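# Commentary on secondary and tertiary structure
Here's the letter readout for the chains.
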Amino acid sequence: MGYRRVAIIGAGMTKFVRFAQETGKELAYEASKMALDSAGLDLSQIDCVSVGSAPDAFDGVHMKGEYLADGSGGWGKPVMRNFVGGGTGVMNVIHGWHHVASGMFDTCLVVSEEKMSSAFPHPAGAFVTIFDHTTEQPIKPTLLWIFAIEMNRFMNAHGYTKRDIAQVAVKNKKNAIDHPCAQLPGEITVDDVLNSEVMAYPVNRLDVSPTSDGAAAVILAAEHVARRVCEKPVWIDGVGWALDTAYWCTRDLYYPDYVEVAARKAYEMAGIKEPSKEIHIAEPYDPFTYKELHHMEGLMLCKRGESVKLLNDGVTQRTGNLPICPSGGLLGVGNPISAAAVMKIIEIFLQLRGEAGKRQVPGKPTCGLAQAWGDLMQVGTVVVMRS
Amino acid sequence: MGKRVAIVGIGTTGFRATTPDVSYRELTYEAAVKAYLDAGIEPKEVGAFVATSEDLIEGYSISDEYSPDQLGAVLKPIHTVPGDFLQSLANGMMLVQSGFADLVVVQGLSKASNILNVGEVLTFAEDPVTVRPLCETPHAVAALDMCRFLHETGTTREQCARVVVKNRRNALRNQRAAHGTLLEACDVLAAPPVAEPLGRYDIAQHADGAVVVVLASEERAAHLRRAPVWIRGIGWATDAPSLDSRVWGDARYARLAADMAYRMAGIRTPRREIQFAEVNDEYSYKELQHLEALRIYERGQAGRATEVGATEPTGEFPVNVSGGSLGCGATFDLDGGQKLLEVVLQLRGEAGTPQLRGVTTGLAASWRGVPSATGAVAVLSN
Amino acid sequence: MEITKEMVERTATALKLEDITKRKVLTTPWQPKVQYAWDDGPAIGRYLAELKNGRIIARTCRKCRRIMIPPRMFCELCWRPSDDWTFVKDTGVVNTFVISHVDWKAGRLDIKGGERPLTPAVIEIDGASAGMGILHMLDEVDPWQIKIGMKVQAVWKPQAERQGAITDIRYFKPLAPERKRGK
């Protein structure tokens, strides 16, 4: 299928921290400016802006996209926001792709920002409003429950143990030591994870990524612009997204169908037939430890029930055959929801250009993937990139 | 301009002040069923869906969770644009032009009646540090703009009152409208002030409703039975979101959006090449301000044109024949959908409301409401 | 162009909680008071009305043969109006569950002090299609004895206290007497 080629030509991001002094606009500005500088462009050369930010309740501003527009370089420009909960960061890049691939624009600044600390003292309470207001909210659920529910199903279905899954936190936090923006890098052990405070069995504290503030941005350009201004453009060769039914209690959560459907579309566009062989490096969304494995299976990077084996065999380490979350992921770098997913896109961008510094995986990868998830265990958003 | 994209199906529930018998699910489902029937398609043929919603308007965080079921979009590519319906439409158009899908569905909904304190919600959209603590009614933001607009253009409150009279009378003849009534200009001027110069009748009341649109590529449209309505041009823009940096009195976002749409459509003299328009009139003065920003009328002339009846259904440039927001109801981000609906029906000859004769090109212009400075414009032809 | 520590150093200033609570930085507080009254529509409206009557009602789709809870006026998979109302039982099977040490605001429960953890579960309701679950709480059971596949029974509020809400069911409890550990 002949799609107009779109490349990522620049990237920028802020540190991810628990409480940022900066306002959301300022965080968005820092990331956008860095991205523009890295692409060697100025704002006048940007045709449009795509803003991606997760629930307004966190930043504490309704119509958050409007509020962020000027910090995102959107003053006087066509600015459009997109939103699919936690999947927003990768959807934001896909949304930017819509803008450029359509031919309507040649360049797009894609900005994701999150200031979760505005929901004070903790944004957890805001999550109750994601559940059905009539049939579920009266039970006062929290997002942690739904993760614990899914983790339980996943473990049950494949016979995985908490010990198996805890290794994801160990790997990612260690990887994050080499990420300059990381919020919670560190060397921890599987026992540290198992002994950490129980939040909602089977989820322990160290199974969970932190609440964060931060912003990340990339610049997209049409082929003729990319080739002119960029030495090493990274091409967006495949995009896919899918949203499952809101009736989440009717779905067997052990397998993320929504990720597979999205991935299939992205692979089809990119001409990928065997993802486990053709994808060299992947950044699946890892807000919780088990999610990295859950998504690996949904992305068909391994067979169902095999993800733990790959983890145990070291295949998913930076030096392994299929590095997973070399950035340190959400568990290590932080989770300002939509910005975290753009961080993953940026990681693949840098890795494919050989510019990931200490995090660089060996073997000169040429094809990578970033994926995000969100909503009530509902949405999968996937981008396949090639250098 | 890229591939041509057409509207091949449209469905609506109409606009009503309250819809107590149905939830948001059934409202959207009704509009979707009608749209798909209109287009002669089934949702499984649709390549991508774009929903429109803002969390605080729906009363859900991550409101996009609740979008797929009532559109038949389960496990399909669907995402949400927290923006005006016309922005979602633009996104749908981009999806077709990129080649990702040759059939795209765009949806918008208003359940305004379910929000008990709209003022609180709109206040929540204001800058938390520099504006919100002032605790003004959000209407004050529009009043500030109106004050400056009247001052700079010489437009009068009477001319604004004529807009209210026209639109609410038009709505009486529109079976889909919620707030049709007969008023005289003196009624509007004598109404209790809300935030001067805005009086009660200058401000549109809200309405519930849903609109679903089916877009198709030119090749696909050729196989469908509906005569297509072509989206010749589309544009959207955001001006200064901060009130502090805003240029008051001027709908700059509308001018930028219109320029983009006109360029795409190859339109040089909008007033001659377009025959009618549906433009946001959530506050009475907005219709006039928008008409000038859209270059339909010169600065300061829209009010005069209204006075002499030029924008009446029988006038030389009918504006808001549907009744607009004042007549149909203000519908938050469905605004562009309400405007688009009327333009499409007029171009198809199915409007029912005074059917404008011999129209070939219409314009829809929306605004996201206070305190935003974002709007979108679409130019359509049959 | 690598993203380096120097580049990101000044992009975000990390504060601590005390900086905010002890007012070392200025903040502007706001407590939103947004209120909604959602129209339930025919499906959920009937669901709640029947809960008030102490019963659980579902809708059927003749095409995919599902019996759906919560009831809906259209089948989202077949994309057609749903067909009939049908009552289902108020017993079910635990599909999955959680033992939560935190409440909805992320406040820690005093488990060591004897507070019982919260045990929400997805319960597949008997009479509905396989896999048709609802979210509700489990109680009157040792959290650590809960098993996937456990049969449970709704515990209703007395008639006079029911309001037509999902909380008219207080919680679900094991159907059989609680099994002793090791049996």
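Residues numbered from 1 in each chain as written. Chains lettered and ligands numbered in written order. Predicted model: local features only at pLDDT ≥ 70, side-chain atom pairs only at ≥ 80, totals over all residues. Heavy atoms only, no water.

## A look at the overall build of chain B
Across its full length, chain B holds 14 helices and 11 strands. The C-alpha atoms of chain B give 19 Å as radius of gyration, which agrees with the globular expectation for 382 residues (21 Å, within 12%). Here the C-alpha coordinates of chain B stretch approximately 55 × 45 × 40 Å along the principal axes. Here chain B holds 382 residues, and the buried ones make up 72% of them. (Helix = DSSP H or I, 4+ residues; strand = E, 2+ residues; numbered from the N terminus. Rg over C-alpha atoms; globule rule 2.2 N^0.38 Å. Buried < 20%, exposed > 50% of the residue type's maximum accessible area, 1.4 Å probe, protein only.)

## Quick look at the interface of chain C and chain B
Chain C puts 23 residues into the contact, and the matching count from chain B is 36 residues. Summed over both sides, the interface between chain C and chain B buries roughly 2,300 Å², with carbon and sulfur atoms accounting for 65% of that surface. Three residues, C:W30, C:D39 and C:W79, lead the burial of chain C against chain B; their summed loss comes to 33% of the area buried on that side. Here chain C is connected to chain B by 1 salt bridge. Of the charged contacts in the structure, one is a salt bridge between B:K111 and C:D39, with a shortest N-O distance of 2.6 Å. Counting only elements with at least two residues in the side of chain C that touches chain B, the list comes to α3 (41-52) and β5 (80-81) of chain C. Counting residues per element, the side of chain C that touches chain B draws most heavily on α3(C), which supplies 4 residues. Among the residues forming the side of chain C that touches chain B, the class breakdown is 14 nonpolar, 4 polar and 5 charged. (Contact = heavy atoms within 4.5 Å. Buried area = accessible area lost by both parts, 1.4 Å probe. Salt bridge = Lys/Arg side-chain N within 4 Å of Asp/Glu carboxyl O. Nonpolar A, V, L, I, M, F, W, Y, C, P; charged D, E, K, R; others polar.)

## A look at the environment of C:M73
One can find C:M73 in the loop between β3 (67-68) and β4 (74-75). The sequence separation of C:M73 and C:T60 amounts to 13 residues, and the corresponding C-alpha distance is 9.2 Å. When sequence neighbours within four positions are dropped, the list of residues in contact with C:M73 reads B:E26, C:P42, C:A43, C:R59, C:P81, C:S82 and C:W85.

## Focus on the state of the cysteines
Following the criterion strictly, the structure yields 0 disulfides over all chains and no others. Here A:C302 stays unpaired: no disulfide links it, and the sulfur of A:C325, its closest cysteine neighbor, is 13 Å away. Its relative accessible area of 9% is what places A:C302 among the buried residues. With no disulfide of its own, B:C328 lies 20 Å from the sulfur of B:C160, the closest cysteine sulfur. (Disulfide = S-S within 2.5 Å.)

## Things to note about the interface of chain A and chain B
With 58 residues of chain A in contact, the opposing surface of chain B contributes 64 residues. Across the contact surface, chain A and chain B share 3 salt bridges. Here B:R25 and A:D132 are joined by a salt bridge, their closest N and O atoms 3.1 Å apart. Counting every contact that joins chain A to chain B gives 26 residue pairs in polar contact (both at pLDDT 80 or more). Looking at the side of chain A that touches chain B element by element, the count peaks at 6 residues for helix α4 (residues 88-101) of chain A. (Polar contact = N/O pair within 3.5 Å; in protein donor to acceptor, adjacent residues only side chain to side chain.)

## Section: the sheet that holds strand β2 (residues 56-60) of chain C
All names here are of chain C. The antiparallel open sheet is built from 3 strands, whose spatial order is β3-β2-β6. Two strands bound the open sheet, and with one partner strand each, they are β3 and β6 (85-88). Where β2 and β3 come together, 2 bridges link them in antiparallel fashion. Its bridge partner being in β3, R59 is matched across the sheet by M68. (Pairing = 2+ DSSP bridges.)

## Regarding the pairing of strand β1 (residues 5-12) of chain B
All names here are of chain B. In terms of residue burial, β1 counts as a mostly covered element, since 8 of its 8 residues are buried. Here β1 pairs with strand β8 (residues 229-238) via 2 bridges, running antiparallel. Looking at β8, one finds that I7 is bridged to V229.

## Notes on the pattern of salt bridges
Proximity of charged atoms lets side chains of opposite charge pair with each other. Enumeration according to the criterion identifies 66 salt bridges over all chains in this entry. With a shortest N-O distance of 3.5 Å, C:E9 and A:K15 are connected by a salt bridge. Residue C:E9 is found in the loop between α1 (5-8) and β1 (14-15), and its partner A:K15 is found in the loop between β1 (6-13) and β2 (19-20); the two belong to separate chains. Two residues, B:E312 and B:R169, come together in a salt bridge whose shortest N-O distance is 3.3 Å. Here the residue B:E312 occupies a position in the loop between α12 (302-307) and α13 (324-328), and B:R169 occupies one in helix α6 (residues 157-172), the gap between them amounting to 143 residues. Linked by salt bridges that have partners in common, A:D56, A:E66, A:R81, B:E54, B:D333 and B:R368 make up one network.

## Examining the nonpolar core
Counting residues in hydrophobic clusters, the biggest one holds 243 residues, and the most contacted among them are A:V218, A:W248, A:Y267, B:Y36, B:I234, B:W236 and B:L380. Among the elements that line this core, the one with the most residues is helix α14 (residues 337-353) of chain A, at 12 residues. Setting aside residues no more than four positions away along its own chain, B:Y36 makes contact with B:I41, B:P43, B:F49, B:L71, B:V105, B:V212, B:V214 and C:W79. Formed by 64 residues, the second largest nonpolar core is a distinct cluster that contains B:I274, B:F317, B:L326 and C:Y36. (Core = buried A, V, L, I, M, F, W, Y, C linked by side-chain atoms within 4.5 Å.)

## Describing helix α1 (residues 24-39) of chain A
At 3.6 residues per turn, the α-helix brings residues three or four places apart onto the same side. The end-to-end C-alpha distance of α1(A) is 23 Å, a good match for the 22 Å that 16 residues give at a rise of 1.5 Å each. When α1(A) is considered as a whole, its buried residues turn out to be A:G24, A:K25, A:L27, A:A28, A:A31, A:S32, A:M34, A:A35, A:L36, A:S38 and A:A39. (Expected span 1.5 Å × (residues − 1).)

## So, the side chain of B:D239
By the secondary structure assignment, B:D239 is in the loop between β8 and α9 (252-265). Given the relative accessible area of 3%, B:D239 is considered buried. For B:D239, the side chain forms a polar contact with the side chain of B:R252, separated by 2.9 Å. Apart from the residues within four sequence positions on either side, B:D239 is in contact with A:W75, A:G76, B:R252, B:Y253 and B:A373.

## Quick notes on the packing of helix α9 (residues 257-270) of chain A against helix α11 (residues 289-298) of chain A
All names here are of chain A. Contact pair α9 / α11: the axes reach a minimum separation of 8 Å and the direction vectors enclose 45°. On the basis of their axis angle, the class for α9 and α11 is oblique. The way α9 lies across α11 gives a crossing that is right-handed. Residues Y258, V259, E260 and A263 of α9 pack against K291, H294, H295 and G298 of α11. A breakdown of the residues in the contact of α9 with α11 according to their chemical character gives 3 nonpolar, 3 polar and 2 charged. (Axes fitted to C-alpha atoms, helices over the stretch in contact; angles between N-to-C directions. Parallel < 35°, antiparallel > 145°, perpendicular 65-115°, else oblique. Left-handed = near helix turned anticlockwise from the far one by under 90°.)

## Remarks on α3(C)
When the terminal C-alpha atoms of α3(C) are compared, their 16 Å separation across 12 residues agrees well with the 16 Å that a helix rising 1.5 Å per residue should span. All of the buried residues along α3(C) are C:G41, C:A43, C:I44, C:Y47, C:L48, C:E50 and C:L51. Tucked into the core, α3(C) has its buried residues touching α1 (24-39) of chain B together with β2, β6, β10 (133-137), β11 (151-156) and β12 (169-174) of chain C. Positive backbone phi, at 80°, marks C:G54, one or two positions downstream of α3(C).

## Comments concerning the environment of B:S63
Secondary-structure assignment places B:S63 in the loop between α2 (55-58) and β3 (78-81). Considering only alpha carbons, one finds B:S63 and B:T52, 11 residues apart in sequence, at a separation of 9.5 Å. Not counting residues up to four positions away in its chain, the partners in contact with B:S63 are A:F83, B:S53, B:E54, B:D55 and B:E58.

## Notes on the sheet that holds strand β8 (residues 99-100) of chain C
Ordered in space as β7(A)-β6(A)-β8(C), the 3 strands form an open sheet in which the pairing is antiparallel. Two strands bound the open sheet, and with one partner strand each, they are β7 (203-204) of chain A together with β8 of chain C. Where strand β6 (residues 198-201) of chain A lies against β8(C), 2 bridges are found, and the strand directions are antiparallel. Bridge pairing in β8(C) links A:Y201 to C:I99.

## Details of the confidence of the model for chain B
Predicted coordinates in regions of low pLDDT should not be interpreted in detail. Here chain B shows a mean pLDDT of 96. Residues at 70 or above account for 100%. In the predicted complex, the global pTM is 0.96; the interface-specific ipTM is 0.96. (pLDDT = per-residue confidence, 0-100.)

## Looking at the packing of aromatic side chains
Tallied over the entire structure, the rule returns 24 aromatic pairs over all chains. Their ring planes at 70° and their centres at 4.9 Å tell us that B:Y29 and C:W79 sit as a pair that is edge-to-face. Residue B:Y29 is located in helix α1, and its partner C:W79 is located in the loop between β4 and β5; the two belong to separate chains. Accessibility expressed as a relative area gives 12% for B:Y29, which makes it buried. Pairwise contacts between aromatic rings join A:F147, A:F154, A:Y160, A:Y285, A:F288, A:Y290 and A:W373 into one cluster. Here A:R304 stacks its cationic end above the ring of A:Y255, 3.4 Å away from the centre of that ring. Of note, B:R4 hangs over the ring of B:W230, and the distance from its end group to the ring centre comes to 3.8 Å. (Phe/Tyr/Trp six-rings, centres within 6.5 Å; stacked < 30°, edge-to-face > 60°. Lys NZ or Arg CZ within 6 Å of the ring centre and 35° of its normal.)

## Looking at the pairing of strand β9 (residues 234-243) of chain A
Residues and elements named next belong to chain A. In terms of burial, β9 is a largely internal element, 10 of the 10 residues being buried. Of the strand pairs in this sheet, β1 and β9 are connected by 2 bridges, and their pairing is antiparallel. Of the residues in β9, the one forming a bridge with A7 is W235. Pairing between β9 and strand β12 (residues 379-386): 8 bridges, direction antiparallel. The residue of β12 that forms the bridge with G238 is V384.

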